[in-house]
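If you want the building blocks of each chain, they are given just below.
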Amino acid sequence: MLGAVSVGVLAFIAVMVVTVFANAWPSFSHNGFIKWFFPGGDVDEQLRAMQSGLPIPGHSGYYIRAWPLLWGTILTTGMAVLIGIVFSTLAAIFIVEFAPPALRRILDPVVRLLAGVPSVVYGLLGILVLAPWVENHLISQGRKSSVAYVVQLTGLNLSVATVILTVMITPIMVAIIVNALAAVPRSWTEGSAALGVNRWRTTWQISVRTARPAIIAAAVLATARALGEAIMLAMVSGGRAFAANPLDGITFLFEPVRPLAATIVGNAEGLSNPHLAATLYAMAAVLLVSATLLSFAGWAAKQPLKRYGINA
Amino acid sequence: MAAQPEALGPSAPTRSLGGQESISSWPLVDRLGYVLCWAAGIGLCLVTGAIVLYMLFKGASYLRPYLFVESPTGVPNQSKAGGFLDPIVGTLIITAIGVAVAAPAGVAIAAWLSEYGRPAWLARAVESGVEMIAGTPSIVLAIFGLLIFSQVFFGFLSQTSAEGHVYGKSFIAAGFMMSLLAIPLIAASTREGLAQIPSHVREASYALGKTKATTLRRVLLPSVRPNIASGVALGMGRIIGDTAIVVILLGATLRTEGVGNVPVLSTLRGTGSTLTNYVYSNSPTGEGNAPEKAYAAAFVLLVLVLVLNLVVTRLTSARSGAQAWTR
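The rules behind these values
Residues numbered from 1 in each chain as written. Chains lettered and ligands numbered in written order. Predicted model: local features only at pLDDT ≥ 70, side-chain atom pairs only at ≥ 80, totals over all residues. Heavy atoms only, no water. Helix = DSSP H or I, 4+ residues; strand = E, 2+ residues; numbered from the N terminus. Buried < 20%, exposed > 50% of the residue type's maximum accessible area, 1.4 Å probe, protein only. Areas by Shrake-Rupley, 256 points an atom, 1.4 Å probe, with all protein chains shown as cover. Contact = heavy atoms within 4.5 Å. Patch = residues over 30% accessible without salt bridge, like charges linked within 9 Å, V, L, I, M, F, W, Y side chains within 5 Å. Salt bridge = Lys/Arg side-chain N within 4 Å of Asp/Glu carboxyl O. Buried area = accessible area lost by both parts, 1.4 Å probe. Polar contact = N/O pair within 3.5 Å; in protein donor to acceptor, adjacent residues only side chain to side chain. Axes fitted to C-alpha atoms, helices over the stretch in contact; angles between N-to-C directions. Parallel < 35°, antiparallel > 145°, perpendicular 65-115°, else oblique. Nonpolar A, V, L, I, M, F, W, Y, C, P; charged D, E, K, R; others polar. Core = buried A, V, L, I, M, F, W, Y, C linked by side-chain atoms within 4.5 Å. Disulfide = S-S within 2.5 Å. Left-handed = near helix turned anticlockwise from the far one by under 90°. pLDDT = per-residue confidence, 0-100. Phe/Tyr/Trp six-rings, centres within 6.5 Å; stacked < 30°, edge-to-face > 60°. Lys NZ or Arg CZ within 6 Å of the ring centre and 35° of its normal.

## A look at the overall build of chain B
Okay, so step 1: Assigned secondary structure in chain B consists of 13 helices and zero strands.
Okay, so step 2: For chain B, the sequential pattern of α-helices and β-strands runs α-α-α-α-α-α-α-α-α-α-α-α-α.
Okay, so step 3: Expressed as a percentage of its 327 residues, the buried residues of chain B come to 52%.
Okay, so step 4: In the form shown here, chain B has an accessible surface area of approximately 14200 Å², with 65% of it arising from carbon and sulfur atoms.

## Side note on the environment of Ala301(A)
All names here are of chain A.
Okay, so step 1: The topology assignment puts Ala301 in helix α13 (residues 274-307).
Okay, so step 2: Taking C-alpha positions, Ala301 is 18 Å from Val289, a pair spaced twelve residues apart along the chain.
Okay, so step 3: In this view, Ala301 contacts Pro213, Ile216 and Ala217; residues no more than four positions away in its chain are not counted.

## Structural notes on a nonpolar patch on the surface
Okay, so step 1: There is a patch of nonpolar side chains on the surface, built from Trp25(A), Phe33(A), Ile34(A) and Phe38(A) and spanning about 450 Å² of accessible area.
Okay, so step 2: Among the structural elements, Phe33(A) can be located in the loop between α1 (2-31) and α2 (43-52).

## Concerning the interface of chain A and chain B
Interface size, as often reported, equals the accessible area lost upon joining of the parts.
Okay, so step 1: Counting residues at the interface gives 88 residues for chain A and 92 residues for chain B.
Okay, so step 2: Considering only the side of chain A, the residues that lose the most area to chain B are Leu2(A), Arg112(A) and Arg199(A), jointly responsible for 9% of the buried surface there.
Okay, so step 3: The interface formed by chain A and chain B contains one salt bridge.
Okay, so step 4: The salt bridge involving Arg201(A) is made with Asp30(B); its shortest N-O contact spans 3.2 Å.
Okay, so step 5: Connecting chain A to chain B are three residue pairs in polar contact (both at pLDDT 80 or more).
Okay, so step 6: Of all the elements, α1(A) adds the most residues to the side of chain A that touches chain B, at 15 residues.

## Remarks on the pattern of salt bridges
Residues and elements named next belong to chain A.
Okay, so step 1: Scanning all chains against the criterion turns up nine salt bridges over all chains.
Okay, so step 2: A salt bridge links Arg240 to Asp42; the nearest nitrogen and oxygen atoms lie 3.9 Å apart. Taken together, the positions of Arg240 in the loop between α11 (231-236) and α12 (260-266) and Asp42 in the loop between α1 and α2 put the pair 198 residues apart, joining distant regions of the chain.
Okay, so step 3: Relative accessible area serves as the criterion here: at 28%, Arg240 is assigned to the partly exposed category.
Okay, so step 4: Of the charged contacts in the structure, one is a salt bridge between Asp108 and Arg112, with a shortest N-O distance of 3.8 Å. Note that Asp108 and Arg112 are positioned in helix α4 (residues 101-116) at a spacing of four residues, about one turn of the helix.
Okay, so step 5: Judged by its relative accessible area of 11%, Asp108 falls in the buried class.

## Some words on the packing of α1(A) against helix α3 (residues 85-116) of chain B
Okay, so step 1: It is the contact of α1(A) with α3(B), at a shortest axis distance of 8 Å, that shows an interaxial angle of 110°. In this view, α1(A) runs roughly perpendicular relative to α3(B), as classed from their interaxial angle. Here Leu2(A), Gly3(A), Val5(A), Ser6(A) and Val9(A) of α1(A) come into contact with α3(B), specifically with Ala105(B), Ala108(B), Ile109(B), Ala111(B), Trp112(B) and Tyr116(B).
Okay, so step 2: A breakdown of the residues in the contact of α1(A) with α3(B) according to their chemical character gives nine nonpolar, two polar and no charged.

## Concerning the nonpolar core
Okay, so step 1: Counting residues in hydrophobic clusters, the biggest one holds 191 residues, and the most contacted among them are Phe12(A), Tyr122(A), Phe84(B), Ile139(B) and Met177(B).
Okay, so step 2: Ranked by residue count, the leading element in this core is helix α7 (residues 158-182) of chain A, at 15 residues.
Okay, so step 3: With near-sequence residues (within four places) excluded, Ile139(B) lies in contact with Gly228(A), Ala230(A), Ala261(A), Ile264(A), Val265(A), Leu287(A), Ala244(B) and Ile248(B).
Okay, so step 4: Grouped together as the second largest cluster of nonpolar side chains are five residues, Leu75(A), Leu158(A), Ala244(A) and Phe252(A) included.

## Here we look at the state of the cysteines
Okay, so step 1: Applying the stated criterion across every chain yields a total of zero disulfides over all chains.
Okay, so step 2: You can see Cys45(B) has no disulfide; the closest cysteine sulfur is in Cys37(B), sitting 14 Å from it.

## Brief notes about the packing of α13(A) against helix α4 (residues 120-135) of chain B
Between two packed helices, the angle of one axis relative to the other and the distance separating the axes together describe the packing.
Okay, so step 1: One can describe the packing of α13(A) onto α4(B) by two numbers: an axis separation of 9 Å at closest approach and a directional angle of 120°. Taken together, the axes of α13(A) and α4(B) lie oblique to each other. Every pair of crossing elements has a handedness; the one defined by α13(A) and α4(B) is right-handed. Contacts between α13(A) and α4(B) involve Ala291(A), Thr292(A), Ser295(A), Phe296(A) and Trp299(A) on the former and, on the latter, Arg124(B), Ser128(B), Glu131(B), Met132(B) and Gly135(B).
Okay, so step 2: Considered class by class, the residues forming the contact of α13(A) with α4(B) number four nonpolar, four polar and two charged.

## Things to note about the confidence of the model for chain B
Residues and elements named next belong to chain B.
Okay, so step 1: Across chain B, the average pLDDT comes to 83, with 88% of residues at 70 or higher.
Okay, so step 2: Of the regions scoring below 50 in pLDDT, residues 1-17 engages in 51 contacts with residues more than four places distant in sequence or in other chains.
Okay, so step 3: The ipTM, which scores confidence in the relative placement of chains, is 0.89 for this predicted complex, and the corresponding pTM is 0.88.

## Here we look at the packing of aromatic side chains
Okay, so step 1: Enumeration over the complete set of coordinates arrives at 19 aromatic pairs over all chains.
Okay, so step 2: Consider the rings of Tyr62(B) and Tyr295(B), whose centres lie 5.9 Å apart with planes at 20°: the pair is stacked. In this pair, Tyr62(B) sits in helix α1 (residues 28-62) while Tyr295(B) sits in helix α13 (residues 291-322), placing the two residues 233 residues apart along the sequence.
Okay, so step 3: The partly exposed category is assigned to Tyr62(B), whose relative accessible area is 28%.
Okay, so step 4: Owing to a relative accessible area of 4%, Tyr295(B) belongs among the buried residues under this scheme.
Okay, so step 5: Following the ring pairs from residue to residue traces out a cluster consisting of Trp25(A), Phe28(A), Phe33(A), Trp36(A) and Phe37(A).
Okay, so step 6: Sitting over the ring of Tyr116(B), Lys212(B) keeps its end group 5.0 Å from the ring centre.

## Description of α2(A)
All names here are of chain A.
Okay, so step 1: Those residues of α2 that fall on the buried side of the exposure criterion are Val43, Asp44, Gln46, Leu47, Ala49 and Met50.
Okay, so step 2: At the N-terminal boundary of α2, the capping side chain belongs to Asp42, with an oxygen 2.9 Å from the backbone nitrogen of Asp44.
Okay, so step 3: Of the residues one or two after α2, Gly53 is the one with positive phi, at around 85°.

## Here's the deal with the side chain of Ser189(B)
Residues and elements named next belong to chain B.
Okay, so step 1: With respect to the helices and strands, the residue Ser189 is situated in helix α6 (residues 171-196).
Okay, so step 2: You can call Ser189 buried: its relative accessible area is 5%.
Okay, so step 3: A distance of 3.4 Å separates the side chain of Ser189 from the side chain of Ser230, its partner in a polar contact.

Given below as structure tokens:
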């Protein structure tokens, strides 16, 4: 009976993958499986056209080129993970090696609490506190007018989304890295210390180097988490399917984006419309595939640690 | 298990290498790294403190007793828009359904994986399956759930329109998909507990003539109860905090609206909202746009999460000293 429940998990996954792909296929096949991922036109306009049923001039039927959404996902996730991994590694080293015992006892629940805060609360903070501040203090009028002909800059933008996403994924990474650092055999670091190497060098050269697979795994798993974050990003990322352009310099950071997951939430009412539904399921399929690949990549990245007998 | 920040353990082992060493003798680069580490650690505390304290302070200042006893009305005039009684009840119902499904399933999977796990390839597949579910974005689970529960076959679980179209949005549907968020956490926590029981405990039970199933039920599962409980608490935290599934699968109607006439069943088949959804729809993004109420509801949410965190901390510290045979 226990086995039946366990096999039920596999059956569930099979049904999920098959149904999501079956429902996504019309959108991929209609637009061309490769072309679906290409840039081309304004995604918001394309989604609205599907909703209203009126074709976009020059295209028969419905039409979608999802690149701006994919680019938004890549930007928010990538930037958050890059910032987060540096910060998390340093914080994890601090927790394991340098923190005074009293502080370490506080940091454990702190990390857990940060991981437990619901994403909607982060979104609320972003939209009510961080976004107005960014809009009033960091975006000058000149910057706004410099890109006013393509996009309107507000406090809800790439930088705010990235900052909040970083805060959300940091505890996940810290926990994984702390586990690995704490599991580095004590004799190794003691050996290094006995040779007269100072604490920082010992940590950096022995512990961090040993735990490197865990750091990679942490980054990968955090990426999977960041990809799927929908509600918070729907609240703070600007809600406009705009492909932010790095060539715009600093302005780039203040351009709105909209990742895939946030797009699904934003258009959820359109699920009764067959064309829009197929497109949303296509986005879900992209998310499902990337998240699955990342989960397995995270598992694979940790494998080298087993060699040292570390079960992180 | 994927993305499990809770695995930090009861207390990270101390590994400072002699505190007498003076930092001033270190090369500049090393000192820089040391300072950056301190900055990161203190920064982590400060950011968490700022977020939690700000939300608690802000929320408490907007909290009014009437918010807990009045149903939301959806009237644009905020003084008449009511409170969040229905969302609180909705959160409780969803959590109850989710845990009721996830706890037995999670424990069963963990027990099978660690006690039976034959054939090995199947166990590996189930293991990675659970990991895959843990990594699946909840928004994907949500719209998949909508597909499943709007099949005519599941029509009895939600509202059906006059033309026979099944909406697929109900407490049961949302609660079931929510349970998938909790299953990996419960399974991981239970497995961890089962792995810590030494094999001589099992052998002692076999020696008394107990079957494998009886051993599991009477000896092993009772002794991992704290692990199961902390897994359930973690899972509840995930369920309470999730918004995407509620927005899509619960209908996100402000009030709890029943379907049919059977008292309890009608609510379970009906639509409603939860606290997370209430915060979302009262934020500037949603239709309500009443930041004071969003803050107040976020306060309640945060308090729930804080309490659950405390429970987990208590359980994990209790279990590290509890089992006599590990000594």
